[in-house]
Amino acid sequence: MAIAISSIAEPNYIAPSHKLLWRAWDDVFVVYNALSGRTHILDEFCYHLLEMVSEGRAKGADIIAGLTDRFDIAAEGDLADIVSLRLQELGSLGLIQKAPLKDDM
Amino acid sequence: MSIFSESRHALSSFTPHQMKGGVTLSVGPKHVRLQSNVASLCEQASQLYQGYPVIPADEIADFQVNVAATSFARRLFRPKVVAWTDVPAPIKPLPARMAMLALEMGINWQVAMTTERALVLHAGSLERAGRSIIFPGNSGSGKSTLAAALGLRDWRFLGDEFALVDLASGKSLPMPRPISLKNQSIDLMMALAPIERFTPRYEGTPKGTLAFLRPPPEALARMSEPATPALLLFPTYAAGVSPILTPMGRAEAFVRLVAGGANYDRLGQPGFEALARLVETCPAAALHYGSLEDANALVEQAWECWVEGKTKV
């Protein structure tokens, strides 16, 4: 079943990429956030989400498109929900944040 | 933190009377000022710290620890002492007979709280041929006993409580402080090391019976010589357990070191980079052992395999 990308909550996400230090060992990713001074351990999926946000993919739909391109997977099933949930988790860790919408500015 | 002097300090000693007025010692990269008005502590500390270079009084210490009676009345009735430190420490007053423990706890606190130019890891460490092995572990893991015992063989003892890794160079900085032995480790080490290097036993401490052991003379004479970290072994002692070395991935080693870092949270980005460099340059493994002989054999095996590249584990 193809997912309805437009159904994803559409906040713009940004990452303080210049404040993040990375190390990738095996399938575990360690991220140090110089803004918070906290160190985080991420799995591969979260790492790629964070990387895409850091690259400027600001919306869930863009990120899913990036994931399907990079891993040659179909954008179906509950992928949108998973992406949304993990983006929220990254947000709660302070690794990404919601950018103000243009309409709000 | 003091910068290492190029020249070796002559080994020296101080009198109990000197410690009453305050005496500054070189302990690895730190200049530590010790002071106390507790006569028994001055007596024991002058023995335990025999051989540590005494620094001239006009040189500034990195920190000081002053162990004093909690009040005049407490000198007379059930005497208690407290360790006063530059950075206030959450150390409760202890019975006067445990004044040495208060002193060492005060030094531990100061090292953890004031070291800015090195990672301070809860770990023992040793050196051979310019390279170091680090034993990260919590209290009870056996890291002190292991470091002490191997320091009597053909390893140089660098420390048993804290392993310092210089942020700039990545080198292990020796800080050969008195070795804290607990419970059955005391008898174990008394069978191996000269008796005059031990303090009396301090019974009934929060960690059981304690005794301190002065490091080997070579450790003190060469406390200005750093080493290049080469191996991380995470020890776990359990009586009767079969000895085994289990290779550990970098991510797990990193996480464990963060958990065992005494000052990692305060160092920021340089701390992260130094710790990452440590796990990227040193093979890591979990070391489970039930006797010092087993541990020694596994450490030698790991060293030969992963550092010297001679054999397979």
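Keep in mind the model is a prediction, meaning the values are calculated, not measured. (Residues numbered from 1 in each chain as written. Chains lettered and ligands numbered in written order. Predicted model: local features only at pLDDT ≥ 70, side-chain atom pairs only at ≥ 80, totals over all residues. Heavy atoms only, no water.)

**Q** For the packing of helix 4 (residues 143-150) of chain B against helix 10 (residues 292-307) of chain B, give the residues involved together with the corresponding values.
**A** Residues and elements named next belong to chain B. In contact at an axis separation of 11 Å, helix 4 and helix 10 are set at 70° when each is read in the N-to-C sense. In terms of orientation, helix 4 lies roughly perpendicular with respect to helix 10. Note on element contacts: helix 10 touches helix 4 through Leu292, Ala295, Asn296 and Val299, opposite Thr145, Leu146, Ala149 and Leu150. Per-class residue counts for the contact of helix 4 with helix 10 are six nonpolar, two polar and no charged. (Axes fitted to C-alpha atoms, helices over the stretch in contact; angles between N-to-C directions. Helix = DSSP H or I, 4+ residues; strand = E, 2+ residues; numbered from the N terminus. Parallel < 35°, antiparallel > 145°, perpendicular 65-115°, else oblique. Contact = heavy atoms within 4.5 Å. Nonpolar A, V, L, I, M, F, W, Y, C, P; charged D, E, K, R; others polar.)

**Q** Run through the pairing of strand 14 (residues 208-213) of chain B, naming residues and quoting values.
**A** All names here are of chain B. With five of six residues buried, strand 14 is to be regarded as a mostly interior element. Pairing between strand 13 (residues 202-205) and strand 14: two bridges, direction antiparallel. Directly across from Tyr202, in strand 14, lies its bridge partner Leu210. Taken together, strand 13 and the strand that follows it, strand 14, pair antiparallel across an intervening segment of two residues. (Buried < 20%, exposed > 50% of the residue type's maximum accessible area, 1.4 Å probe, protein only. Pairing = 2+ DSSP bridges.)

**Q** With reference to specific residues and values, describe the sheet that holds strand 4 (residues 38-42) of chain A.
**A** All names here are of chain A. Strand order in the open sheet formed by three strands is 2-3-4, with antiparallel pairing between adjacent strands. One side of each edge strand has no neighbouring strand; the edge strands of this open sheet are strand 2 (20-25) and strand 4. If you compare each strand with its neighbour and ignore which way they point, the axes differ by 20° on average. The pairing of strand 3 (residues 28-33) with strand 4 spans five bridges and is antiparallel. Within strand 4, the residue paired with Val31 across the bridge is His40. Strand contacts of helix 1 (residues 44-54): strand 2, strand 3 and strand 4, with the helix running at about 145° to strand 2, the strand carrying the most contacts.

**Q** Quick one: what's the story with the packing of helix 1 of chain A against helix 2 (residues 60-71) of chain A, residue by residue and with numbers?
**A** Residue and element names in this part refer to chain A. The N-to-C vectors of helix 1 and helix 2 enclose an angle of 120°; their axes lie 10 Å apart at closest approach. It follows that helix 1 is oblique to helix 2 by the angle criterion. Every pair of crossing elements has a handedness; the one defined by helix 1 and helix 2 is right-handed. Of the residues in helix 2, those in contact with Phe45, His48, Leu49, Glu51, Met52 and Val53 of helix 1 are Ile63, Gly66, Leu67, Arg70 and Phe71. The class makeup of the residues in the contact of helix 1 with helix 2 is seven nonpolar, two polar and two charged. (Left-handed = near helix turned anticlockwise from the far one by under 90°.)

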